[in-house]
Amino acid sequence: MKIIEKKPTVEASGVTTTAKFGIKEAGVGHIFHILRNQLYSDAATAVIREYATNAADAHVEAGISERPIEVTLPSRFNLQFKVRDYGKSLSPEEIVDIFAFYGESTKRNTNNQTGMLGIGSKSGFAYGDNFVINAYIDGTCTTYNAYIDDSQVGCISKLGEASTEEENGLEIAIPVKQGDIDDFNSKAKTTLEHFKVTPLVNGKPLAKSDVEVILEGDGWIWDGAASEYNSPIAVMGNIGYPIGSDHLKGLNSDDNSYSNFACGNLRLEFEIGDLEIAASREGLQYSDYTIKNIETKVKKAAKEMAEKLEAKFSNCHSLYAAKVLANEIFDLHGKLRRARYLLKKEISYKGKDIDVRVRLHDLEVGNLGKVDNLEGYVEVHQYVKSYRG
């Protein structure tokens, strides 16, 4: 992912001496310790997310983006979490450059791939003291061990080579503690949920959570199966990020219509580079750039949803039928309940406000004004039973 450049806002004037920021050799171990142990709040999720997205990026680079990556979850009989891709793999020199140096990334000049920070490939150290890399290239599998040595800086060592019939690609293997098996299994489903190409997990397509698409449009869906009380989700680069609605000040209005609309039912799709993410990639970085893009997408989704609902109401055969549809949608238990504040203002039936409540008492005393007939307001049905019914 391309880095969003920020221009300096300070101009130097009258400066006589300057010292550049840097890291002394004695502090390298300390900095690496921070990057390994304090960057991620959830080590298991970090491992799953970073290596799975790296594998998907490898498929994009190799021109096989529609091929699923393969994930092996740990079990009592095999205490390893594995991610396998079928990309171009890495030479011995590339293995050292990418895995041994923090900040090194090959993805900063493109928005076709997710990575850019040069940190995620070392995320295995956030969970344990070592992980294994198997590089398959042209019939040879070369195995490397990345581990934390006595210096606390870390090393990567070549363990050996062996002939193989496996396709080219890379495999990362993370040793998992016995007590963390269930944790890895449950978090893998949540983390891999939004991958455009469903990963193979233990040889089978990932079983995703149910999604009930009530309405959808350009870069958004309204999920009736999701909880309205959760945060809306921004999906970018195969990862779903909860949106902190308190950051979206531009959506606040007198009647809170947009802020109600931006709830757990709303899922927004963003192109890579549309949002800035935190260094840990555990959440969004709420810069002006990110906030603007989210707010624009929310308002666009709201407008499109209103248009789609307007079309539904236009197809009703009477005002009564339109009111029935409105009740189904906006009732307390309706699937679009949180959108009612925003959408009801824009939806009508043949120029008549569908939000007007019609009661027989109002018709009798003329509270609605002159009423020539009840057509459009009241629909009467007769139910006839048989003599034995």
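Residues numbered from 1 in each chain as written. Predicted model: local features only at pLDDT ≥ 70, side-chain atom pairs only at ≥ 80, totals over all residues. Heavy atoms only, no water.

1. Thoughts on the pairing of strand 12 (residues 239-242)
The condition that has to hold: Each residue is placed in one exposure class: buried if its accessible area under a 1.4 Å probe, protein chains only, is under 20% of its type's maximum, exposed if it is over 50%, and partly exposed if it falls in between. Runs of E in the DSSP output that reach at least two residues are strands. Runs of H or I that reach at least four are helices, and both are numbered from the N terminus. Paired strands, as defined in this entry, are two strands with at least two bridges between them according to DSSP.
Of the two faces of strand 12, the one holding Ile239 and Tyr241 is buried and the one holding Gly240 and Pro242 is not buried anywhere. Bridge count between strand 11 (residues 233-236) and strand 12: four bridges; the pairing is antiparallel. Looking at strand 12, one finds that Ala234 is bridged to Tyr241. Joining the antiparallel neighbours strand 11 and strand 12 is a turn of two residues, in which Gly237 adopts a positive phi near 60°.

2. Looking at the pattern of salt bridges
To keep things clear, this is the line we draw: Every case where a carboxyl oxygen of Asp or Glu lies within 4 Å of a side-chain nitrogen of Lys or Arg is listed as a salt bridge.
The final tally for this structure, using the stated rule, is 13 salt bridges. For the salt bridge of Glu307 with Lys303, the shortest nitrogen-to-oxygen distance reads 2.7 Å. A residue pair is termed a helical-turn pair when its members lie 3 or 4 positions apart in one helix, as Glu307 and Lys303 do in helix 7 (residues 288-314) at four residues. Overall, the relative accessible area of 46% leaves Glu307 in the partly exposed class. Taken together, the salt bridges that share partners define one network made up of Asp42, Asp183 and Lys187.

3. Description of the packing of aromatic side chains
To be explicit about the condition: Two aromatic rings, drawn from Phe, Tyr or Trp (for Trp, its six-membered ring), form a pair once their centres lie within 6.5 Å of each other, and the interplanar angle then sorts them: stacked below 30 degrees, edge-to-face above 60, tilted otherwise. For a ring to carry a charge above it, either NZ of a lysine or CZ of an arginine must fall within 6 Å of the ring centroid while also lying within 35 degrees of the normal to the ring plane.
Applying the stated criterion across every chain yields a total of six aromatic pairs. On the numbers, 6.0 Å between centres and 50° between planes, the contact of Tyr51 with Phe131 is tilted. Of this pair, Tyr51 sits in helix 2 (residues 43-61) while Phe131 sits in strand 3 (residues 130-137), placing them 80 residues apart in sequence. Chaining the aromatic ring pairs together yields one cluster made of Tyr51, Phe99, Phe125 and Phe131. When the ring centre of Phe270 is taken as reference, the NZ or CZ atom of Lys297 above it lies at 5.1 Å. Over the ring of Tyr258 we find Lys299; its NZ or CZ atom is 5.8 Å from the centre of that ring.

4. As for the nonpolar core
Selection criterion: As used here, the term nonpolar core means buried Ala, Val, Leu, Ile, Met, Phe, Trp, Tyr and Cys residues forming a set that is joined through side-chain atoms within 4.5 Å. Two residues form a contact once any of their heavy atoms are found within 4.5 Å.
If you look at the biggest cluster of nonpolar residues, it comprises 74 residues, and the most contacted ones within it are Phe81, Phe131, Leu192, Trp222, Phe261, Met305 and Phe313. The biggest single contributor to this core is helix 7, with eight residues. With residues near it in sequence (within four places) discarded, Phe81 still touches Val47, Ile48, Val71, Thr72, Leu73, Pro74, Ile172, Ala173, Ile174, Val176 and Phe184.

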